[in-house]
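# Inside the fold
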Amino acid sequence: MTVSNYFDPRWDGASIPSEHWHLHRRLLERYGIVLAPGEFAKFATDIRKRRAHLVEERPDGTAVYCAKVDSAGIYVFIGTKKGKMVTILPASDSLKRKTFTYLMRLRASRSGTIS
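Here goes a summary of the coordinates provided. Since this is a predicted model, take the numbers as computed values, not measurements.

### What about the pattern of salt bridges?
Tallied over the entire structure, the rule returns six salt bridges. Between E29 and R26 there is a salt bridge whose closest N-O contact spans 3.1 Å. With E29 and R26 both in helix α1 (residues 21–31) and three residues apart, the pair spans about one turn of that helix. E29 is the partner of R30 in a salt bridge, and the nearest nitrogen-oxygen pair spans 3.8 Å. Assessed through its relative accessible area of 32%, R30 is described here as partly exposed. Within this structure, R26, E29 and R30 form a network of salt bridges that share partners.

Laid out in structure tokens, this is it:
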């Protein structure tokens, strides 16, 4: 969005709880986007119900998930600890590569080219 004083009417009456400000600031800082109302809740639900793509799981109980921001049409990387979202990670080459491989396998399996 190029106009800095634009107000999305979907946010009229909506708010972001203070415990989620960090995630929203990192999303704006690292990807230059602001979520539409409901998209954050969709991320949380997708992670909790294991519908989001698990990019990597680490021995310390943290994990990285990839989720698509529908309003922007891009994928973002979400850092979690014990299933709770803690930060938005920058799109490193390693995370992009792992996600690209996953998406290509998913596409191929849907078209029936992978056995």
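After that view, the rundown keeps rolling.
### Description of the pairing of strand β2 (residues 62–69)
Most of β2 sits out of view: seven of its eight residues are buried. Here four bridges tie strand β1 (residues 53–57) to β2, and the two strands are oriented antiparallel to one another. Each bridged residue has a counterpart across the sheet, and for E57 the counterpart in β2 is A63. The loop that links β1 with its antiparallel partner β2 comprises four residues; one of these, G61, has a positive phi angle of about 90°. The hairpin turn running from β2 into strand β3 (residues 74–81), its antiparallel successor, is four residues long, and G73 in that turn takes a positive phi close to 70°.

### Concerning helix α2 (residues 39–48)
Quick reminder: α-helices carry 3.6 residues per turn. Residues three or four places apart thus point the same way. Buried within α2 are the following residues: E39, F40, F43, D46 and I47. Down the axis of α2, the sector holding all buried residues measures 125°, keeping them to one side. Against the buried residues of α2 lie α1, β2, β3 and β4 (84–89). Remark: R50 follows α2 within two positions and exhibits a positive phi of approximately 60°.

The rules behind each value
Residues numbered from 1 in each chain as written. Predicted model: local features only at pLDDT ≥ 70, side-chain atom pairs only at ≥ 80, totals over all residues. Heavy atoms only, no water. Salt bridge = Lys/Arg side-chain N within 4 Å of Asp/Glu carboxyl O. Helix = DSSP H or I, 4+ residues; strand = E, 2+ residues; numbered from the N terminus. Buried < 20%, exposed > 50% of the residue type's maximum accessible area, 1.4 Å probe, protein only. Pairing = 2+ DSSP bridges. Arc of directions from axis to C-beta. Contact = heavy atoms within 4.5 Å.

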